[in-house]
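Residues per chain are reported as follows:
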Amino acid sequence: MWWKEASIYQIWPASFKDSNDDGVGDIQGIISKLDYVKNLGVDIIWLSPMYDSPQDDMGYDISNYEKVYPKYGDLNDMTQLIEGCHSRGMKLILDLVINHTSSEHEWFKQSRASLDNPKRDWYIWKKPKYVDGKRCPPNNWLSYFSGSAWEYDEATDEYYLHLFAKSQPDLNWENEECRNAIYNSAVKFWFEKGIDGFRIDTAGMYSKDQRFLDAPIVFPDNEYQPCKVFHQNGPRIHEFHQEMFKKVTSHYDAMTVGEVGHCSRDELIRYVGASRGEMNMMFLFDMVELGSDPLDRFRYMDFDLTDFKNTVIRQSEFIGTTDAWTTVFNENHDQARSITRFANDSPEYRVKSGKLLAMLQSCLSGTLFLYQGQEIGMTNVPKEWPIEEYKDINSINYYQELVEKHPKDSAKVKEFMKVLNLIARDNARTPVQWDSTAYAGFSGVEPWMRVNDNYKEINAASQVDDPESLYNFWSKCLANRKKFPSLIYGQIEILNLDNKDTFEFVKKTEGKDEIYVILNFSQKDVDFTPNSEWKLLITNGDNSSKLTPYEGRIYSM
Ligand code: GLC
Ligand code: CA
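Residues numbered from 1 in each chain as written. Chains lettered and ligands numbered in written order. Predicted model: local features only at pLDDT ≥ 70, side-chain atom pairs only at ≥ 80, totals over all residues. Heavy atoms only, no water.

The chain has the name Alpha-glucosidase in an unreviewed UniProt entry, where [Candida] jaroonii is given as its organism.

1. Some thoughts on the packing of aromatic side chains
Under the criterion given, the structure shown has 47 aromatic pairs. Within the aromatic cluster, the residues linked to one another by ring pairs are Tyr51, Tyr65, Trp107, Trp122, Phe189 and Trp190. One residue, Lys4, lies across the ring of Trp325, its end atom 4.7 Å from the ring centre. Looking at Arg299, its charged tip hangs above the ring of Phe219, at a distance of 3.7 Å from the centre. (Phe/Tyr/Trp six-rings, centres within 6.5 Å; stacked < 30°, edge-to-face > 60°. Lys NZ or Arg CZ within 6 Å of the ring centre and 35° of its normal.)

2. A closer look at the nonpolar core
Among the nonpolar cores identified, the biggest contains 134 residues, and Met78, Leu81, Leu92, Leu94, Trp190 and Phe198 are the most heavily contacted of them. Looking at this core, the element that brings in the most residues is helix 5 (residues 176-192), giving nine residues. Judged by nonpolar contacts, the second largest core, of 17 residues, contains Tyr300, Val381, Tyr398 and Met417. (Core = buried A, V, L, I, M, F, W, Y, C linked by side-chain atoms within 4.5 Å. Buried < 20%, exposed > 50% of the residue type's maximum accessible area, 1.4 Å probe, protein only. Helix = DSSP H or I, 4+ residues; strand = E, 2+ residues; numbered from the N terminus.)

3. Points about empty space enclosed by the protein
Summed over the entire model, instances satisfying the criterion amount to three cavities of 30 Å³ or more. Along the wall of the largest cavity there are 13 residues; nearest its centre are Val312, Gln315, Ser316, Val328 and Leu364. Within the residue set of the lining of the largest cavity, elements represented by two or more residues are helix 8 (305-316) and strand 16 (327-328). Counting residues per element, the lining of the largest cavity draws most heavily on helix 8, which supplies three residues. Here the lining of the largest cavity is composed, by residue class, of six nonpolar, six polar and one charged. Considering only enclosed or pocket space, the second largest cavity measures out at about 60 Å³ in volume. Surrounding the second largest cavity, Asn330, Glu331, Ser338, Ile339, Gly354, Leu357, Ala358, Gln374, Gly377, Met378, Leu470 and Trp474 form its lining. Those elements giving two or more residues to the lining of the second largest cavity turn out to be helix 9 (338-342), helix 10 (350-362) and helix 13 (470-483). Of the residues belonging to the lining of the second largest cavity, the class tally is six nonpolar, five polar and one charged. (1 Å grid on protein atoms, 1.4 Å probe; cavity = no way out; pocket = protein on both sides within 12 Å on 5 of 7 lines; lining within 4 Å. Points joined across faces, edges and corners; volume = space filled by probe spheres on them. Nonpolar A, V, L, I, M, F, W, Y, C, P; charged D, E, K, R; others polar.)

4. Focus: the coordination of the calcium ion (ligand 2)
Only Asp18 (OD), Asn20 (OD1), Asp22 (OD), Val24 (O) and Asp26 (OD) from the protein coordinate the calcium ion (ligand 2), and they sit 2.2 to 2.4 Å from it. All donors to the calcium ion (ligand 2) come from one chain, and their sequence spacing reads D-x1-N-x1-D-x1-V-x1-D. On the accessibility criterion, Asp22 (33% relative accessible area) is partly exposed. (Donors = N, O, S within 2.8 Å, 3.2 Å for Na, K, Ca; no water.)

5. Quick notes on unusual backbone geometry
Positive phi, close to 55°, is recorded for Asn233, a residue that is not glycine. Note that Asn233 resides in the loop between strand 11 (197-200) and helix 6 (237-247). On the basis of relative accessible area, Asn233 is assigned to the partly exposed category, the value being 24%. Despite not being glycine, Asn543 shows a phi value in the positive range, around 65°. Among the structural elements, Asn543 can be located in the loop between strand 22 (535-539) and strand 23 (546-547). Residue classification places Asn543 among the partly exposed positions, given a relative accessible area of 41%.

6. Things to note about the state of the cysteines
Each disulfide consists of a covalent bond between the sulfur atoms of two cysteine residues. In this structure the tally under the stated criterion is zero disulfides. Cysteine Cys136 shares no disulfide, and the gap to the nearest cysteine sulfur, in Cys227, comes to 17 Å. In this model Cys178 remains outside any disulfide bridge; the closest cysteine sulfur is found in Cys227, 19 Å from its own. A residue is classified by how much of its surface remains accessible, and Cys178, at 0% relative accessible area, is buried. (Disulfide = S-S within 2.5 Å.)

Laid out in structure tokens, this is it:
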């Protein structure tokens, strides 16, 4: 299985590299940096949506699966990118967004045209509910991007379902013709162009509970309520995945990774068990959503190191005991920067604690994913940035709903701005910091989104040739990972789970190597004497009898 030992690098096209100075990243920009990615030791590139789109949700609102967003390029550029990856021995996977389309997609335009349009049933339409003579949505479901999950359409006097933005209507997977159109246009079309697989967006949401009941009230202060129980892991979800695999994916030597989020152990085995014929692996959100209310990420509490360790257990405990496979990641385009979230982004500890996280990630089992900029230690945006610098529809809608209820200078709004700064998706979406020239070398003109103020201190140009840099440390960790089967395949045994300073564990594979890892997540020195027979493989410290703040070590036993 070529994808098990692979390291995957995610590219988010709008912010990777602008080749023609219009302020927006593009495919030629990506092509110009393929050697940079390859040199890190990466095997596969995952490219986030580059399809034609009005960009209300940065391309996760697709208006044509078979066309490229013109600002990013065209089909020829994509062919060149596929060849550019393949000629360097890398593979390319795309993002498969098939829970919904853009409302600008031709399918939806037809669907909304009349009640008897042949494509009417390709989306989810319901009659209004009338309460005291007032027209209301069919039920109380809350959209992930705030407000009702239903939008009224005057032309036919019905509502359509959109779990995300109003301009992202959900496709009706109950309709077989619609499913076949998805398989052909979104999936087969790209396999035939030579791509090697897909990251499958919102892969647990296609099958909705057809009763469309009101969701239980969990947030009494809200008009609309989280409705996950009615659309996540729904009644026909596995049938749909098996059908898609059988009809299309199984005809190619492809890998698939599904975005599923939270899942019980039994449920996850149904999606990614080796014999299931659904997907190869999936993203679980235990680590990245640590501290957040699972029903509303902006209701944020906090966490300690034991909570953090437990997320590692939950995301990998089935490795070695079942035939299911998993992923290792702590960043992507929907998450904040890991050094800020899980380590220490102050100038004193930024690089060192970034190396600590690299050691952790590279010793966990599963297929490893890195997100653009993570390899150079890009951080969250500065705390002082006002709401105007945030561009994501998720951040903006939530903020607007809040300021409709509370004054802008209220404690409530100020508190929210802190949480936003900590976990907003915008943190991952600032332009990649290539060098210390204007706009961080991302573009020759002012980019679509502000560059993080720290680009003079944090950029790729200053790191690629510096053996002590985070970039080269990542590269070393990725190479080390491939030398020891237990790092990729082994079961994890966490030692001293309740210790809030150090994260300590052993990785083993029967009859093969054994690895011991200790990582000091605190700002204190910690006494430590290794077994004299162990061999030190990697450290970000000086190998004394103390672990200095954020020092970690990886030993073979
Ligand atoms: C997934 C994507 C996210 C997008 C959403 C709707 O969660 O990762 O960026 O907003 O789906 O498509
Ligand atoms: Ca451009």
